[in-house]
Structures are given as structure tokens and as C-alpha cells.
Amino acid sequence: MARREADRTPQPSRSVAGTNLEFTRSHNRRVVLDTIRRLGPVSRAEIARETALTNQTISNIVEELEQAGFVLAGEPKREGRGQPSIPYAINPEGAWSLGFHVDHSAIIAALVDLTGKPVAIREIPAQRPSPRSAAPALRQLADELIEEAGVPASRLLGAGVALPVRFGVGAITTAGPTTLPGWDDPDARQHIAEALEQPVQIENDAMAAAIGERLHGVARAIDSFVFLFLDEGLGAGVFLGGQPWRGASLNAGEIGHMIVAPNGKPCPCGNRGCLERYLSLSAAQEFLADQPGAPALSELDGALSAPVERWVTEAAPYLAGAVNILESTLDPETILLGGLAPAGVLASLIEKAMPLPMSVGSRSGRSLPRLMAGSVGHHTVVLGAASLPIFDEINPRFDVLLKH
Ligand SMILES: [Zn+2]
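Let me sum up the structure you'll find in this document.

Conventions adopted
Residues numbered from 1 in each chain as written. Predicted model: local features only at pLDDT ≥ 70, side-chain atom pairs only at ≥ 80, totals over all residues. Heavy atoms only, no water. Helix = DSSP H or I, 4+ residues; strand = E, 2+ residues; numbered from the N terminus. Buried < 20%, exposed > 50% of the residue type's maximum accessible area, 1.4 Å probe, protein only. Contact = heavy atoms within 4.5 Å. Phe/Tyr/Trp six-rings, centres within 6.5 Å; stacked < 30°, edge-to-face > 60°. Donors = N, O, S within 2.8 Å, 3.2 Å for Na, K, Ca; no water. Tetrahedral: all angles 85-135°; square planar, octahedral: opposite > 155°, others 65-115°. 1 Å grid on protein atoms, 1.4 Å probe; cavity = no way out; pocket = protein on both sides within 12 Å on 5 of 7 lines; lining within 4 Å. Points joined across faces, edges and corners; volume = space filled by probe spheres on them. Nonpolar A, V, L, I, M, F, W, Y, C, P; charged D, E, K, R; others polar. Domains from an automatic or database assignment.

Locating R44 in the fold gives a position in helix α3 (residues 44-51). Looking at R44, the relative accessible area reads 32%, which means it is partly exposed. Placed 41 residues apart in sequence, R44 and S85 show a C-alpha to C-alpha distance of 7.6 Å. For R44, the residues in contact, after removing those within four places along its chain, are I58, S59, V62, I86 and Y88.

The subject of this paragraph is the packing of aromatic side chains. For the structure on display, the rule yields 4 aromatic pairs. Plain terms: the ring middles of F225 and F239 are 5.0 Å apart, the flat faces sit at 5 degrees to each other, and that makes the pair stacked. Here F225, found in strand β8 (residues 225-230), pairs with F239, found in strand β9 (residues 234-240); they are 14 residues apart in sequence, far enough to count as distant. A residue is classified by how much of its surface remains accessible, and F239, at 0% relative accessible area, is buried. The interplanar angle of 80 degrees and the centroid separation of 5.9 Å between the aromatic rings of F239 and F391 together place this pair among those described as edge-to-face. Remark: F391 occurs in helix α11 (residues 380-394) and F239 occurs in strand β9; sequence separation between them is 152 residues. Looking at F391, the relative accessible area reads 9%, which means it is buried.

It is worth spelling out the coordination of the zinc ion at this point. Protein-derived coordination of the zinc ion comes from H257 (ND1), C267 (SG), C269 (SG) and C274 (SG), at a distance range of 2.0 to 2.3 Å. Classification of the site at the zinc ion rests on its 4 donor atoms, whose angles at the metal span 105 to 120 degrees, yielding the label tetrahedral. Motif for the zinc ion, donor spacing along one chain: H-x9-C-x1-C-x4-C. Residue classification places C267 among the buried residues on the basis of a relative accessible area of 8%.

Tracing the backbone through its elements, the reader meets H101 in strand β3 (residues 96-102). Overall, H101 belongs to the buried group, its relative accessible area being 5%. Ignoring any residue separated from it by four or fewer positions in sequence, one finds H101 in contact with A106, I107, I108, A162, L340, V381 and V382.

Bringing empty space enclosed by the protein into the picture now. Under the counting rule described, the total for this entry stands at 4 cavities of 30 Å³ or more. Put simply, the second largest cavity is a space of about 70 Å³. In terms of lining, the second largest cavity is formed by E203, N204, M207, A236, G237, V238, W245, R246, L250, N251, A252 and G253. Those elements giving two or more residues to the lining of the second largest cavity turn out to be β7 (200-204) and β9. In terms of residue count, β9 provides more of the lining of the second largest cavity than any other element does, 3 residues in total. A breakdown of the residues in the lining of the second largest cavity according to their chemical character gives 6 nonpolar, 4 polar and 2 charged. Three or more residues apiece are contributed to the lining of the second largest cavity by two domains, here domain 2 (95-209 + 383-390) and domain 3 (219-380).

Listed below in C-alpha cells is the structure:
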């Protein structure tokens, strides 16, 4: 995958400034579009203050984006004696994007507008789908969604596929029960792209959810964060300096297999005492199976039962420990906890993890809590998947500059 090479480029520092050289036009376009996304409705003067681009450059790009239908001009506002300023915002109907969440038993598909809002969602059952067996189903779902929403196919940016995948043969979790094999093959992306006749990106579920959170969720204005993704296992999507951090082999964030209890519970990866053996839905289910009369986690709605509270009390110190480790290694602005667990369970885990152990994250003058709730629920991953093509279109990338 060409993206893999690009993803290995050095990560940038915090601020994203524009540059006025002609060859960086596509970078500048992303900088302007990203500024309108984050701050919109926003005037050209405000974009100039934010990006350090010249007024002329911004005018040209905004005009181009408006003509392309990506941004909408609002009513001119008169402030003081000068020229009235025109506020610009992302045009929700400027483009659409497809997302697929593929897992062991189902495929969820979503069509979203340019602001990430879903306009159509479908779900079908599937049995541990491979790229080859899933491709016709993805095509059929895509056609149905596009027809249902009445969206012109010419305005599609592409498709994102998110699933429990780890890259590289022999990587520890390819053998585990929580991943789907065959999707880390470079041919998989090509195969799906041919079936859909769209550009396709494949991403692991935790990173897709983190990208969705960065683009449309609570992390919109947070450049450095860790999104802890609690599902059957435990993964993380890491953002540093506004860029996803994927690591040397695209497997960064595989924190479920950090050893937190030497000689602890055995894990399918071969080690003992891995974090996800204590902090994950499968750990919760295992705990509840030993509790007479305990409800299945999937039946939880509203108040937590006493057995679930007991599991949360046992698991929360492991969450607190993970926060301490992540802060000590990455120094993020905040850590978000989200995923496929019921919202009440995640909220209770956060509450019971307090007070967090001391770390560099305990600094005074913080504007964000050290640990907070992120997106949760059944559609978190599919909406993250649908955000991949939009993110690719909008996010300023430094490798664009480095290539010249
Ligand atoms: Zn493990």
C-alpha cells in the first residue's frame, strides 16, 4: 500500500502553518479546509490569522473550494467600517464518503456527508469475512446506500474499511481470536477498491475510531491524544501533533498486550498478564460468567447491576495504570475512553479509576481532564471508517512538503 510508505515519514510538531510556495498548493488547500472545518463559520481574515498564509493565497483557495462545492459562503457580516466579511463553513453536501465496519459476525455500512453525519446505515450478518468473500457484499451495500440517500456517485470521496486487523505476518495478535486474518495483505485493499470502483483505505478499528473522533468528535481541537478503544480486546488510536501515529510496522497502539501483571492470566498471544485480560469486554464477560445471575454485558441498559459494578471495581485500577503509562511515554493532552462497551460501563470505569496515579499528566493548569469519555456505541467504528477518506482529503500532511 502506497499509504504505508507515506505513513512512515517523520511526524510534525504541533502547529500547522501554511506556506506560500506554488508547489505546496495541495498542502495549503488542506490547511485552509482543515481551518474551516475546525473553526467554521470563519472569515478569510480569521483564516489568515490562524494559518500565516497571505490574503491572496487564502482568497484563491477559498474561491476554489467554494467552486468545488466543499465550502459554503454565509451572509456577509458588517463589522466596523471596513468591507463586510463573509463567513465560510464546510458544505455538508459537498461530498460523501462510505464506511464499512467488518467484524467476525457482521458488516455495518454507512454513508456520511462531509461533516461526518450519517445519511444511511445498513447492517448484514457475516461469518469471519475475508477480503474476497466480503467484496461483493460491500459493493451491494454501497449501491443500496447510495441509492437510498440519492447521492451522486461522482461526489463520493472513497471508502474506508475498519476492522480488527494487525499488520505483518507473525504479529502477535494475528493469532488471537480478536482479529480477522487476510486483511493485512496489500492485495486486500486493491481487491476491495476494484469491487467498489472507489479509492479504499483499510485501517484497524481503534485507529479508525480515533480518526473519527479527531475529525468530528470531542477531539476536534485536540492535537495529541490517545483514544482507548474497549471492545472484545483493548486497542488504542494515538494522535501526536495532529497526525495519527502508526509506528514502524503500523501496529502502534496495540496496548492490550502490554504486560501489567507479571505471571498473571494467560493470554492467547502467548504471554501472561496482558492488559486486555483485565480491561476488555472479553475480560468482563469472563468475570460475569463466574457470577451467578449476572446479566450479559450486551443486555446492559441504564443502571449497572451489582456484578458489573464488581467487575468495574476490579478493572478500574488497570485503567488507571494504563493512563499512567501512556502519559509517561507520550505526554498527550488527554486520554479518551470509548469503544463498543455500554456507555454506563465506560463512565463507571472512568469514575472508579480516580484518583489517577501521579505522572507528568498531573501538571497544574490543565485545560482538559487527564481521562475523559470518547465516542461509544455500535456505530463508533463504522463512522470512523467513513471519516478515513474525508480525513485524507482535509488533514494537512507534512509528507507532501517533504517530498519536494
Ligand atoms: Zn497478550
